[in-house]
Amino acid sequence: MLFWLSVFALSALLVMLMFRYRTTFVSHVPNPIKSLFPSLRHYAPLSTFEDQANAGLTSSTFDIEANIRDGDTRAGLDERSTQEIMSIMRRDRVTFDQARLIRQNEYLAANGIDPSGMPLDAKAVTRL
């Protein structure tokens, strides 16, 4: 019993470490195996503002290039949000600003808020 519990715990730890360091592992996976998993094909982490600006994640209203010029030392935009916006841009063939708006509206709708910012719950108190 203790042996199997140890095997399970070690396997769970291995899975968590592989997920945490997936960017390192994905680059070493051979192309025939990547073709079996379509989500691995498009995975390319964009960790710096320069990478994100080169990928087209900048506009006049969301100027990442200003951060680069000002010498911003942050790591860049949130990787999960960046991937979501890039997939919306590919899927719907829209610009960066339109993809940001679509993602924001989807996020609001998932939390019960309409695009204007008002709650969709009929019981919500919006004024006193």
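Everything numeric here is computed off the predicted structure, so don't read it as measured data.

1. A look at unusual backbone geometry
Next, step 1: Although it is not a glycine, arginine 93 sits at a positive phi angle of roughly 55°.
Next, step 2: With respect to the helices, strands and loops of the structure, arginine 93 is situated in the loop between α7 (79-92) and α8 (96-110).
Next, step 3: Assessed through its relative accessible area of 76%, arginine 93 is described here as exposed.

2. Remarks on the packing of α7 against α8
For any two helices packed against each other, one specifies the inter-axial angle together with the distance between the axes.
Next, step 1: Their axes nearest at 9 Å, the elements α7 and α8 cross at an angle of 115°. Judged by the angle between their axes, α7 and α8 are roughly perpendicular. Relative to α8, the crossing made by α7 is right-handed. On the side of α7, the interface is formed by Ser81, Glu84, Ile85, Ile88, Met89, Arg91 and Asp92, while α8 contributes Phe96, Ala99, Arg100, Ile102, Arg103 and Glu106.

3. Quick word on the nonpolar core
Generally speaking, soluble globular proteins have nonpolar side chains that are buried together.
Next, step 1: Membership of the largest hydrophobic core is limited to ten residues, which are Phe49, Ala53, Leu57, Ile64, Ile85, Met86, Ile88, Met89, Phe96 and Ala99.
Next, step 2: Elements with a contribution of two residues or more to this core: α5 (49-54), α7 and α8.
Next, step 3: No other element matches the four residues that α7 contributes to this core.
Next, step 4: Leaving out residues up to four positions away in the same chain, isoleucine 85 has contacts with Leu57, Phe96, Ala99, Arg100 and Arg103.

4. Some words on the confidence of the model for the protein chain
Next, step 1: Model confidence for the protein chain is summarised by a mean pLDDT of 80, while 90% of its residues fall at 70 or above.
Next, step 2: No element of the protein chain has a lower mean pLDDT than helix α4 (residues 38-41), at 62, and none a higher one than helix α1 (residues 2-20), at 91.

Analysis parameters
- Throughout, a residue's number is its position along its own chain's written sequence, starting from 1.
- Since the coordinates come from a predicted model, pLDDT governs what is reported: local features require at least 70, and pairs of side-chain atoms require 80 or more to be given and counted, while whole-chain, interface and lining totals use all residues.
- Water and hydrogen atoms were dropped before computing side-chain values, which therefore reflect all heavy atoms in the structure.
- Working definition: helices are DSSP H or I runs of at least four residues, strands are E runs of at least two. Numbering for both runs from the N terminus.
- Burial classes: relative accessible area under 20% of the type maximum marks a residue as buried, over 50% as exposed, and values in between as partly exposed (1.4 Å probe, protein chains only).
- Here an angle of 0 to 180 degrees is reported between the N-to-C directions of two axes, which are lines fitted to C-alpha atoms, with helices fitted over the stretch in contact.
- Any angle that is under 35 degrees is reported as roughly parallel, and any over 145 degrees as roughly antiparallel; angles of 65 to 115 degrees are reported as roughly perpendicular and all others as oblique.
- By convention the crossing between two helices is left-handed if the near helix lies anticlockwise of the far one by an angle smaller than a right angle, and right-handed if it lies clockwise.
- By the convention used here, residues are in contact when the closest approach between their heavy atoms is within 4.5 Å.
- We define the nonpolar core as a collection of buried residues of types Ala, Val, Leu, Ile, Met, Phe, Trp, Tyr and Cys that are connected through side-chain atoms lying within 4.5 Å of one another.
- By definition, pLDDT measures how confident the predictor is in each residue, and it falls between 0 and 100.

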